[in-house]
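Structure at a glance
Take a look at the letters that make up each chain.
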Number of protein chains: 2
Amino acid sequence: MPTGRPREFDTERALELATSLFWQKGYEGTSLSDLTETLGITRPSLYAAFGNKEALFRLVLQRYEAKAGAYRTKALKAPTALEVARQLLEGAAELHGDKANPVGCLGVHGALACSDEAAMIRRDMSAHRIAGEAAIRRRLTRAKAEGDLPPNASPSDLARYLSVVIYGMAVQSVGGASHAELRRVAAIALSQWPKSAR
Amino acid sequence: MPTGRPREFDTERALELATSLFWQKGYEGTSLSDLTETLGITRPSLYAAFGNKEALFRLVLQRYEAKAGAYRTKALKAPTALEVARQLLEGAAELHGDKANPVGCLGVHGALACSDEAAMIRRDMSAHRIAGEAAIRRRLTRAKAEGDLPPNASPSDLARYLSVVIYGMAVQSVGGASHAELRRVAAIALSQWPKSAR
DNA sequence: ATCGTTCTATATCGATCGGTATATTAGTCT
DNA sequence: AGACTAATATACCGATCGATATAGAACGAT
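Computed from a predicted model, the values in this text were never measured in an experiment.

**Focus on the overall build of chain A**
Counting its secondary structure elements, chain A contains 10 helices and 0 strands. In sequence order, the secondary structure elements of chain A are arranged as α-α-α-α-α-α-α-α-α-α. Projected onto its principal axes, the C-alpha coordinates of chain A cover approximately 65 × 40 × 30 Å. Of all 198 residues assigned to chain A, the portion counted as buried reaches 52%. Across chain A, every contact between residues at least 6 apart in sequence was considered, and the portion connecting residues at least 24 apart equals 68%.

**Topic: the protein's contact with DNA strand D**
Residue and element names in this part refer to chain B. Around DNA strand D, the surrounding shell holds 24 residues, and the nearest of these are Thr3, Leu32, Arg43, Tyr47 and Lys53. Protein-adjacent atoms of DNA strand D, using a 4 Å cutoff, are sugar or phosphate at a proportion of 66%. Side-chain polar atom of Arg43 to a base nitrogen of DNA strand D: 2.5 Å apart, as the coordinates give it. Within the contact set of DNA strand D, a phosphate oxygen lies 2.6 Å away from a side-chain nitrogen or oxygen of Tyr47. It is helix α3 (residues 43-50) that provides the largest number of residues to the surface near DNA strand D, a total of 3 residues. Among the residues forming the surface near DNA strand D, the class breakdown is 8 nonpolar, 10 polar and 6 charged.

**As for the relation of the copies chain A and chain B**
Rotating chain A by 180° about the axis while translating it 0.1 Å along that axis superimposes it on chain B, leaving an RMSD of 0.2 Å. Such a combination of rotation and displacement between the chain copies is what one expects of a two-fold axis. Mapped onto chain B, 100% of the interface residues of chain A are again interface residues, and the two copies thus contact each other with one and the same surface.

**Observations regarding the UniProt feature "domain: HTH tetR-type" (unreviewed entry) in chain A**
When the UniProt feature table is mapped onto this chain, "domain: HTH tetR-type" (unreviewed entry) is found at residues 8-68 of chain A. Measuring from the first to the last C-alpha atom of residues 8-68 of chain A gives 29 Å, for a span that is 84% helix and 0% strand.

**Points about the protein's contact with DNA strand C**
Around DNA strand C there are 23 residues in total, and A:Arg5, A:Leu32, A:Arg43, A:Tyr47 and A:Lys53 lie nearest to it. Side-chain polar atom of B:Arg7 to a phosphate oxygen of DNA strand C: 3.3 Å apart, as the coordinates give it. B:Glu8 is positioned with one of its backbone polar atoms (N or O) 2.7 Å from a phosphate oxygen of DNA strand C. Elements supplying a minimum of two residues to the surface near DNA strand C: α2 (32-39) and α3 (43-50) of chain A together with α3 of chain B. Considering each element in turn, the surface near DNA strand C owes the most residues, 3 residues, to α3(A).

**Concerning the environment of B:Val84**
Residue and element names in this part refer to chain B. You can see Val84 is positioned in helix α6 (residues 81-97). Overall, the relative accessible area of 0% leaves Val84 in the buried class. Measuring from C-alpha to C-alpha, the distance between Val84 and Gly26 comes to 29 Å, with 58 residues separating the pair along the chain. Discounting residues that sit within four places of it in the chain, Val84 has contacts with Ala75, Leu76, Ala78 and Arg139.

**Topic: helix α1 (residues 11-29) of chain B**
Residues and elements named next belong to chain B. Its 19 residues give α1 an end-to-end C-alpha distance of only 22 Å, which falls more than 12% under 27 Å, the value for a rise of 1.5 Å per residue. Bending of α1 peaks at approximately 80° at the position of Trp23. Turning to α1, its buried residues are Ala14, Leu15, Ala18, Thr19, Leu21, Phe22, Trp23, Lys25, Gly26, Tyr27 and Gly29. Sitting at the head of α1, Asp10 places a side-chain oxygen 3.0 Å from the backbone nitrogen of Glu12.

**Side note on the packing of aromatic side chains**
Residue and element names in this part refer to chain A. Overall, the coordinates contain 8 aromatic pairs over all chains when judged by the stated rule. Where Trp23 meets Tyr64, the ring centres are 4.7 Å apart and the plane angle is 85°; that geometry is what we call edge-to-face. On the criterion of sequence distance, the pair formed by Trp23 in helix α1 (residues 11-29) and Tyr64 in helix α4 (residues 53-68) is long-range, its members being 41 residues apart. Of the two residues, Trp23 and Tyr64, both sit in the buried class.

**Brief notes about the side chain of A:His96**
Residue and element names in this part refer to chain A. Mapped onto the elements, His96 comes out in helix α6 (residues 81-97). Its relative accessible area of 6% is what places His96 among the buried residues. Not counting residues up to four positions away in its chain, the partners in contact with His96 are Gly104, Cys105, Met169, Ala170, Ser173 and Leu182.

Each value, and the rule that gives it
Residues numbered from 1 in each chain as written. Chains lettered and ligands numbered in written order. Predicted model: local features only at pLDDT ≥ 70, side-chain atom pairs only at ≥ 80, totals over all residues. Heavy atoms only, no water. Helix = DSSP H or I, 4+ residues; strand = E, 2+ residues; numbered from the N terminus. Buried < 20%, exposed > 50% of the residue type's maximum accessible area, 1.4 Å probe, protein only. Contact = heavy atoms within 4.5 Å. Near = heavy atom within 4 Å. Polar contact = N/O pair within 3.5 Å; in protein donor to acceptor, adjacent residues only side chain to side chain. Nonpolar A, V, L, I, M, F, W, Y, C, P; charged D, E, K, R; others polar. Least-squares fit on C-alpha atoms with pLDDT ≥ 70 in both. UniProt positions renumbered as here; feature names shortened; annotations may be inferred. Expected span 1.5 Å × (residues − 1). Bend = angle between axes of the 7 residues up to and from the residue. Phe/Tyr/Trp six-rings, centres within 6.5 Å; stacked < 30°, edge-to-face > 60°.

Here it is in structure tokens:
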């Protein structure tokens, strides 16, 4: 099985740059010209390496979730419901307040993606968001069973509340909210958290 | 001054339909073909009546703010800070949970607008959001002066928190959150609103 | 009836969109 | 060296983007 001419660019580095682009501008806002210009490769090279724009976006999405979503999976392992909520909110503040990251949120951008041709992407992103919220809900359901939330607390409502605040922080970061400002938002949001009976 | 041939379509009705379109799909996601098809008029008619796509969008934005933003100005007139917050959050739940309205939020869509050519729109929408948050902050500053918020409360942080929750509800509504679900989010967001000393 | 004005309809503009056909270059394998 | 394979570069595809040129149609004024 002959091997052929070796690739002249670093695919990992290219994915990094593509992630940054999609993160800033969303799926539809990022054109192939944006991509080839920033990645420093030609169109055919991009298509040979990644398939097409949609396939590239899905690869980027995986990287994004591994990087930006890491705090979520970690947060869900916290011992108490309050600590789960705290880590989720502060993680979001950290992510969106970090000047090293582009503003905004790939998930929110994708969820609100615009035209009809991106409907598939929009559905996928919607599914991702729902799955994320469901994971929080399951964790809070367990917390309630463990007596870690008051009996009248609703895990699904609390999970939805956390999701709302997290996505709202992403929108706010587009407007230039600082790390410190988002942390204070997280603190206020957390202060609404129901106290456990114990 | 001769008057010429009268317009054959209702501009008010056309603006209504355009508002609905932009609301659903955002500025960039709505193409001229979408517009002419839905409004039932031809391109030249649209340009003669409204200028161009950007000018049409600004007209639509005014209508949207008059309609969707009415609850905000009304809420700011409530007698207490708690009531202001309650009306803002429940108003957002009402707006985004109403099945008669398209999902999403014109403001959030615009804020996250994608490509470079819409940068002007994005800046404008960002300014709108900042102005909205500033109005809330001023109202809460007054409330604090009136002893309606505890001395350690931060009007700017609370205003930012309210904005975050409101925008988060808009994002959540894209995923299909119901009126009732959003109202429960609003209730949680309000559950520990800082109590005044009085 | 004719003129002036304004809206409407058709057809099209250049630019850009995502995506490729073709030919050349650079490498491994025998 | 020669054959085979894969990545590159150029140039281009049809479709769609926002926006218009042009010509005809419907009105008021005279």
